[in-house]
Amino acid sequence: MILNRRTYIQRSLVILVIITIMTIPDVLIELMAELVHLILEVLAEVAHISFEWIESMLDHLIEHELHTELHETQTIVFYVIVAILAGSLYFLARQMPRLYFFLQDKILVSWTFNKARAKLYWHSLSINEKIKLSLVTLIALYIASFFFM
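Note that the structure is a prediction, hence the values are computed from the model and not measured.

### Digging into the overall build of the chain
Then comes step 1: Secondary structure summary: the chain contains 4 helices and 0 strands in total.
Then comes step 2: Secondary structure elements in the chain, listed N-terminal to C-terminal, are α-α-α-α.
Then comes step 3: Since a compact globule built from 149 residues should have a radius of gyration of about 15 Å, the 28 Å found for the chain marks it as more spread out than a globular shape.
Then comes step 4: Carbon and sulfur atoms make up 73% of the accessible area of the chain, which totals about 13800 Å².

### Overview of the packing of helix α2 (residues 25-66) against helix α3 (residues 70-124)
Then comes step 1: Taken N-terminus to C-terminus, the directions of α2 and α3 make an angle of 125 degrees; their axes are 9 Å apart at the nearest point. Between α2 and α3, the crossing angle belongs to the class labelled oblique. Of the two elements, α2 crosses α3, and the hand of that crossing is right-handed. Every residue of α3 that contacts α2 at Phe51, Glu55, Leu58, Asp59, Ile62, Glu63 and Leu66 is listed here: Thr73, Ile76, Val77, Val80 and Ile81.
Then comes step 2: Taken together, the residues of the contact of α2 with α3 break down into 8 nonpolar, 1 polar and 3 charged.

### Regarding the confidence of the model for the chain
Then comes step 1: With 97% of its residues at a pLDDT of 70 or more, the chain has an overall mean of 92.
Then comes step 2: When pLDDT is averaged over each helix and strand of the chain, the minimum, 88, is found for helix α1 (residues 5-23) and the maximum, 95, for α3.

### Details of the packing of aromatic side chains
Then comes step 1: Enumeration according to the criterion identifies 3 aromatic pairs in this entry.
Then comes step 2: With 5.3 Å between their ring centres and 65 degrees between their planes, tyrosine 100 and phenylalanine 101 make a pair best called edge-to-face.
Then comes step 3: A residue is classified by how much of its surface remains accessible, and phenylalanine 101, at 49% relative accessible area, is partly exposed.

### Describing α3
Note that an α-helix has 3.6 residues per turn; residues three or four places apart therefore point the same way.
Then comes step 1: The terminal C-alpha atoms of α3, which comprises 55 residues, lie 75 Å apart, in line with the 81 Å expected from a rise of 1.5 Å per residue.
Then comes step 2: A maximum bend of about 35 degrees is found in α3 at methionine 96, where proline proline 97 lies one to four positions downstream.
Then comes step 3: Where α3 is concerned, the buried positions are Thr73, Val77 and Ile81.
Then comes step 4: Lining the buried residues of α3 we find α2.

### What to know about the side chain of threonine 73
Then comes step 1: Along the chain, threonine 73 turns up in helix α3.
Then comes step 2: Side-chain polar atoms of threonine 73 contact the side chain of threonine 68, separated by 2.5 Å.
Then comes step 3: Non-local contacts of threonine 73, meaning those with residues more than four positions away in its chain, are made with Asp59, Ile62, Glu63 and Thr68.

### With respect to the environment of serine 145
Then comes step 1: The topology assignment puts serine 145 in helix α4 (residues 127-147).
Then comes step 2: At a separation of 2.5 Å, a polar atom in the side chain of serine 145 contacts the main-chain carbonyl oxygen of tyrosine 142.

### Considerations on unusual backbone geometry
The general pattern is negative phi for most residues beyond glycine and trans for most peptide bonds.
Then comes step 1: Positive phi values are uncommon outside glycine, yet histidine 67 reaches one of about 50 degrees.
Then comes step 2: Looking at the element boundaries, histidine 67 is found in the loop between α2 and α3.

### Concerning a nonpolar patch on the surface
Then comes step 1: Taken together, the side chains of Ile29, Ile127, Ile131, Leu135, Leu138, Ile139, Leu141, Tyr142, Ile143, Phe146, Phe147 and Phe148 define a hydrophobic patch exposed on the protein surface, amounting to about 1300 Å² of accessible area.
Then comes step 2: The greatest single-element share of the nonpolar patch, amounting to 10 residues, is contributed by α4.
Then comes step 3: With respect to the helices and strands, the residue isoleucine 29 is situated in helix α2.

Cut-offs applied
Residues numbered from 1 in each chain as written. Predicted model: local features only at pLDDT ≥ 70, side-chain atom pairs only at ≥ 80, totals over all residues. Heavy atoms only, no water. Helix = DSSP H or I, 4+ residues; strand = E, 2+ residues; numbered from the N terminus. Rg over C-alpha atoms; globule rule 2.2 N^0.38 Å. Areas by Shrake-Rupley, 256 points an atom, 1.4 Å probe, with all protein chains shown as cover. Axes fitted to C-alpha atoms, helices over the stretch in contact; angles between N-to-C directions. Parallel < 35°, antiparallel > 145°, perpendicular 65-115°, else oblique. Left-handed = near helix turned anticlockwise from the far one by under 90°. Contact = heavy atoms within 4.5 Å. Nonpolar A, V, L, I, M, F, W, Y, C, P; charged D, E, K, R; others polar. pLDDT = per-residue confidence, 0-100. Phe/Tyr/Trp six-rings, centres within 6.5 Å; stacked < 30°, edge-to-face > 60°. Buried < 20%, exposed > 50% of the residue type's maximum accessible area, 1.4 Å probe, protein only. Expected span 1.5 Å × (residues − 1). Bend = angle between axes of the 7 residues up to and from the residue. Polar contact = N/O pair within 3.5 Å; in protein donor to acceptor, adjacent residues only side chain to side chain. Patch = residues over 30% accessible without salt bridge, like charges linked within 9 Å, V, L, I, M, F, W, Y side chains within 5 Å. Salt bridge = Lys/Arg side-chain N within 4 Å of Asp/Glu carboxyl O.

Given below as structure tokens:
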């Protein structure tokens, strides 16, 4: 069987990734943790800058339209922001029970479906395949225990 160039490159990359994961998993885990930390930091910074921009916009709008001084402007902006947040939290609190029951039903259906599928798969295996699957699972858990202890 002659492999084309693209298939050869894809298989080589998969082998390279597997070798990398097996040789330096601690570095990869740390890299992923740092990446998640960076993403969360950037999102927090964007949220902070967005909030400051909205607050500044409200400051200028209220000061211009109502002709108020600095302290009155800040007080009005504070209460406008509190009202917006309170309204959002009220709406969210009204939707939470509906979301909870929806997710509860979805999780129950998913759990039942996957449990039945796993049982059907297990019953379709021969005794040798059951032993192989059990051994592979135990070995994988044993190796994984080195990374999480």
